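Summary of structural features
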Amino acid sequence: HVQLVESGGSSVQPGGSLRLSCTASEYTHTRYCVAWFRQAPGREREGVAAIYSGLRASGATYYADTVKGRFTISHNTAKKTAFLQMNNLQTEDTAMYYCAYDPWGSVCTFARTYDYWGQGTQVTVS
């Protein structure tokens, strides 16, 4: 199975920035989705950002309305690493952030079934 490892979570003040990374042990397919989800205490897990990766370096991206304009997802396919650049962080962004991988992805909506998940990295904004 594919293993995903997140890093980059930390504690920052409102307005600060962080960049999360997610490195995969392997990608089993050439067309797939990589996404970031988050879950805060008392909240359901929600999709944050997703990106389609194909034969080209990057593809279509998707963002939750709450992070649009502040967060940017990217993917370095050569390094098998996805990034989530988070700017202007707010207290509402505090959550455990997870990366996920869908080997059969094409349209990378958050409703898709993501088969592989990382262990999560904590982001605290206070």
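One structure accompanies this document, and this report is about it. The structure displayed is predicted, hence computed values, not measured ones.

Cut-off values and rules
Residues numbered from 1 in each chain as written. Predicted model: local features only at pLDDT ≥ 70, side-chain atom pairs only at ≥ 80, totals over all residues. Heavy atoms only, no water. Core = buried A, V, L, I, M, F, W, Y, C linked by side-chain atoms within 4.5 Å. Buried < 20%, exposed > 50% of the residue type's maximum accessible area, 1.4 Å probe, protein only. Salt bridge = Lys/Arg side-chain N within 4 Å of Asp/Glu carboxyl O. Helix = DSSP H or I, 4+ residues; strand = E, 2+ residues; numbered from the N terminus. Pairing = 2+ DSSP bridges. Axes fitted to C-alpha atoms, helices over the stretch in contact; angles between N-to-C directions.

1. Quick notes on the nonpolar core
In this structure, Leu-4, Trp-36, Val-48, Phe-71, Leu-84, Met-86 and Tyr-97 are the most contacted members of the largest nonpolar core, which totals 29 residues. Cys-33, Ala-35, Ala-100 and Tyr-114 belong to the second largest nonpolar core, which has seven residues in total.

2. Looking at the pattern of salt bridges
With the rule as written, the count across this model stands at five salt bridges. The residue Asp-65 makes a salt bridge to Lys-68 at a minimum N-O spacing of 3.5 Å. Accessibility assignment for this pair places Asp-65 and Lys-68 in one class, exposed. Ionic pairing is found between Asp-102 and Arg-112, a salt bridge with its closest N-O pair at 2.7 Å. Taken together, the positions of Asp-102 in strand β9 (residues 95–102) and Arg-112 in the loop between β9 and β10 (116–117) put the pair ten residues apart, joining distant regions of the chain. Judged by its relative accessible area of 2%, Asp-102 falls in the buried class. Taken together, the shared-partner salt bridges in this structure form one network comprising Arg-38, Glu-46, Arg-70 and Asp-93.

3. Examining the pairing of strand β5 (residues 46–53)
A regular strand places its side chains on the two faces of the sheet in alternate fashion. Of all eight residues that make up β5, six are buried, and the element is covered over most of its length. In this structure, strand β4 (residues 32–39) lies alongside β5, joined through seven bridges in antiparallel fashion. By the bridge assignment, Val-34 is partnered in β5 with Ile-51. Connecting β4 to the antiparallel partner β5 that follows it, the hairpin turn spans six residues, and Gly-42 within it adopts a positive phi of roughly 80°.

4. A look at the sheet that holds strand β1 (residues 4–7)
The four strands are arranged β1-β3-β8-β7 in an open sheet whose pairing can be described as antiparallel. Looking along the sheet, the strands with just one partner apiece sit at the ends: β1 and β7 (71–76). Averaged over all neighbouring strand pairs, the angle between strand axes comes to 15°, with direction disregarded. Summarising the sheet, β1 and strand β3 (residues 18–24) pair through four bridges and their orientation is antiparallel. In the sheet register, Leu-4 faces β3, and the bridge partner there is Ala-24.

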